[in-house]
Amino acid sequence: MAEDYTLKIRRFDPESGEPAYWQEFKVGLEPERSVLDGILQARGDQDGSIGIRCSCQAAICGSCGVKINGRSRLACNTLIGEAAEDAERKFDGGAIVVEPMGNMPVLKDLIVDMDAVHWKKVQRVVPWLIPEGDPPAREYIVPAESMIDITQAMACIHCGACVSACLSLEVDQDFIGPAALAKAYRFVGDPRDGQTEERLKDLAEDPHGIYDCTHCFSCVEVCPKDVAPMDQIMRLRRRATGDYEIKDSNNGYGHEKAFVNIIEKYGTLHEAQLLPRSFGQGSMVRSQLDPNSLKQLTESLPTVVNGLKSGKVSPVKAIWHHKLPDQKNVRRIFKQIESKDERLELNLYIVGEDNE
Ligand code: SF4
Ligand code: SF4
Ligand code: FES
């Protein structure tokens, strides 16, 4: 049965010269219909000038990305009844708040410029296969299991929801970003590609590349296709550090080694050692001897002073850090993992039992 809902839509027309404003529309729909249905009803019956991009209305084409009640998502994939309940919990008025996605310029109302940000970043990662050598007489033969690794990244429909939600992008607009980096893994993980090391080196050396992600999980939470872009970025890092030992000028390699070595030694994070060990590619000794590490340590003195001032680092804590009482169990886990011939990658996108 149809119910009444209120949509509070952010309106903006850059060509009008007027600032953005909010406008409310009442629509009548069954709760199982989508927020997109509501927007289209408002546009059809009340104001034909509402700008919204959409096509498939079935969560396939990726064109209807918007923010609903502050969360980036597909309008066609969001039930209007649930959005209203969510709005009731979040906002006093209870109207469903619909606004354009973040981190991209608004072209009109709910339409953002995907070319200016999302597609530009996708182009940045060279989104096509670069095979090595002469092509085979017929097609490339690839074992099916080797493609499992990249199926998750291949599920991306380029809706831009992760780009909209990315916190690193908010502070660094040059960050390559979650969708483009997930796309990069699609080729890095493809056995037919002949430029794996070059791609990884490029993305590791770029100051806005794989080490610019802060693990905030926002992209994982909003992706409507479970691509989990952050997981793909972590895979790129593991390939860069673990498989190719790429020692990048961003200290991403050193930072990862620092974390691993500190946990192996203490079981918990020794914050005061993180910085020097990162500069020393994981080693405290190297951080004191290597001229480049010493230079970086000197340059980071203001950060250390800030840490001391804020209380995050104290002289006592800097020198003394307790080991976990059962630290030997942590070491045992390390040994067990290191004794494996191959790294075990868990692709959480593939579900089911081993024997299926
Ligand atoms: S996890 Fe990384 S890529 Fe994903 S939204 Fe956060 S900062 Fe951006
Ligand atoms: S990774 Fe997910 S959220 Fe990001 S563009 Fe692709 S489908 Fe959309
Ligand atoms: S209209 Fe195609 S994904 Fe929503």
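Cut-offs used in this document
Residues numbered from 1 in each chain as written. Chains lettered and ligands numbered in written order. Predicted model: local features only at pLDDT ≥ 70, side-chain atom pairs only at ≥ 80, totals over all residues. Heavy atoms only, no water. Patch = residues over 30% accessible without salt bridge, like charges linked within 9 Å, V, L, I, M, F, W, Y side chains within 5 Å. Areas by Shrake-Rupley, 256 points an atom, 1.4 Å probe, with all protein chains shown as cover. Salt bridge = Lys/Arg side-chain N within 4 Å of Asp/Glu carboxyl O. Helix = DSSP H or I, 4+ residues; strand = E, 2+ residues; numbered from the N terminus. Expected span 1.5 Å × (residues − 1). Buried < 20%, exposed > 50% of the residue type's maximum accessible area, 1.4 Å probe, protein only. Contact = heavy atoms within 4.5 Å. Pairing = 2+ DSSP bridges. Near = heavy atom within 4 Å. 1 Å grid on protein atoms, 1.4 Å probe; cavity = no way out; pocket = protein on both sides within 12 Å on 5 of 7 lines; lining within 4 Å. Sits in = over half its atoms within 2 Å of the grid points. Nonpolar A, V, L, I, M, F, W, Y, C, P; charged D, E, K, R; others polar. Points joined across faces, edges and corners; volume = space filled by probe spheres on them. Axes fitted to C-alpha atoms, helices over the stretch in contact; angles between N-to-C directions. Parallel < 35°, antiparallel > 145°, perpendicular 65-115°, else oblique. Core = buried A, V, L, I, M, F, W, Y, C linked by side-chain atoms within 4.5 Å.

So, about a nonpolar patch on the surface. Taken together, the side chains of Leu-301, Val-304 and Leu-308 present a nonpolar region at the surface, about 230 Å² in accessible area. Along the chain, the position of Leu-301 falls in helix α15 (residues 301–310).

Moving on, we get to helix α10 (residues 229–243). With 15 residues, α10 should cover 21 Å at 1.5 Å per step; its first-to-last C-alpha distance of 20 Å lies within 8% of that length. Of all 15 residues in α10, 11 are buried; the element is thus mostly enclosed. The set of residues buried in α10 consists of Pro-229, Met-230, Gln-232, Ile-233, Met-234, Arg-235, Leu-236, Arg-237, Arg-239, Ala-240 and Thr-241. Lining the buried residues of α10 we find α4 (144–154), α5 (161–165), α7 (178–188), α8 (196–205), α9 (218–222) and α11 (252–266). Looking one or two places after α10, you find Glu-245, whose phi comes out positive at around 50°.

Relative to strand β4 (residues 71–74), strand β3 (residues 65–68) runs antiparallel, the two being bridged by four bridges. By the bridge assignment for β4, Gly-65 is matched with Leu-74. Linking β3 back to β4 in an antiparallel pair, the connection comprises two residues, with Asn-69 at a positive phi of about 50°. Looking at chain direction, β3 and strand β5 (residues 96–99) are connected through two bridges and run antiparallel. Bridge pairing links Ile-68 to Val-98 in β5.

Moving on, we come to the site of ligand 2. Around ligand 2, the structure places Cys-156, Ile-157, His-158, Cys-159, Gly-160, Ala-161, Cys-162, Ala-179, Cys-223, Pro-224, Val-227 and Pro-229. At a threshold of 2 Å from the grid points, most atoms of ligand 2 map onto the largest cavity. Of the residues that constitute the shell around ligand 2, the class distribution is 10 nonpolar, two polar and no charged.

Another point: empty space enclosed by the protein. Applying the stated criterion across every chain yields a total of two cavities of 30 Å³ or more. Computed from the structure, the largest cavity encloses a volume of approximately 110 Å³. Every residue lining the largest cavity is counted, 15 residues in all, and those nearest its centre are Cys-156, Cys-159, Cys-162, Cys-223 and Val-227. Mapped by element, the contributors of at least two residues to the lining of the largest cavity are α5 and α7. Considering every element that reaches the lining of the largest cavity, the biggest residue donor is α7, with three residues. Its residues assigned to classes, the lining of the largest cavity shows 12 nonpolar, two polar and one charged. Approximately 70 Å³ is the volume attributed to the second largest cavity.

The subject of this paragraph is the packing of α11 against helix α17 (residues 327–338). As a packed pair, α11 and α17 sit with axes 7 Å apart at the nearest point and diverge in direction by 130°. Classified by the interaxial angle, the pair formed by α11 and α17 is oblique. Across the interface between the two elements, Val-260, Ile-263, Glu-264, Lys-265 and Tyr-266 of α11 pack against Gln-327, Val-330, Arg-331, Phe-334 and Glu-338 of α17.

If the charged atoms of two oppositely charged side chains come close together, the side chains can form a pair. Within the structure shown, the criterion is met by 16 salt bridges. Where Asp-37 meets Arg-33, a salt bridge forms, and the shortest distance between an N and an O atom there is 3.1 Å. You can call Asp-37 buried: its relative accessible area is 17%. Residue classification places Arg-33 among the partly exposed positions, given a relative accessible area of 36%. The closest approach of N and O atoms between Lys-247 and Glu-245, which form a salt bridge, is 3.7 Å. According to the relative accessible area criterion, Lys-247 is partly exposed, its value standing at 42%. Through salt bridges that share partners, Arg-11, Asp-47, Lys-108 and Asp-109 make up one connected network.

Read from one edge to the other, the open sheet built from five strands follows the order β2-β1-β5-β3-β4, with strand pairing classed as mixed. Of all the strands in the sheet, the pair left with one neighbour each is β2 (21–29) and β4. Ignoring strand direction, the axes of neighbouring strands in this sheet form an average angle of 35°. Along the sheet, helix α1 (residues 35–45) makes contact with β1 (3–11), β2, β3 and β5, crossing β2 at roughly 105°.

So, about the nonpolar core. Core analysis: the biggest nonpolar cluster contains 34 residues, and Met-104, Val-163, Leu-181, Leu-203, Ile-210 and Leu-236 have the highest contact counts within it. Contributing elements (two or more residues each) for this core: α3 (115–124), α4, α5, α7, α8 and α10. The element that contributes the greatest number of residues to this core is α7, accounting for six residues. Those residues in contact with Val-163 that lie beyond four places of it in its chain are Gly-102, Asn-103, Met-104, Val-117, His-118, Leu-169, Pro-178 and Ala-179. Formed by 32 residues, the second largest nonpolar core is a distinct cluster that contains Leu-36, Cys-64, Ile-68 and Ala-75.

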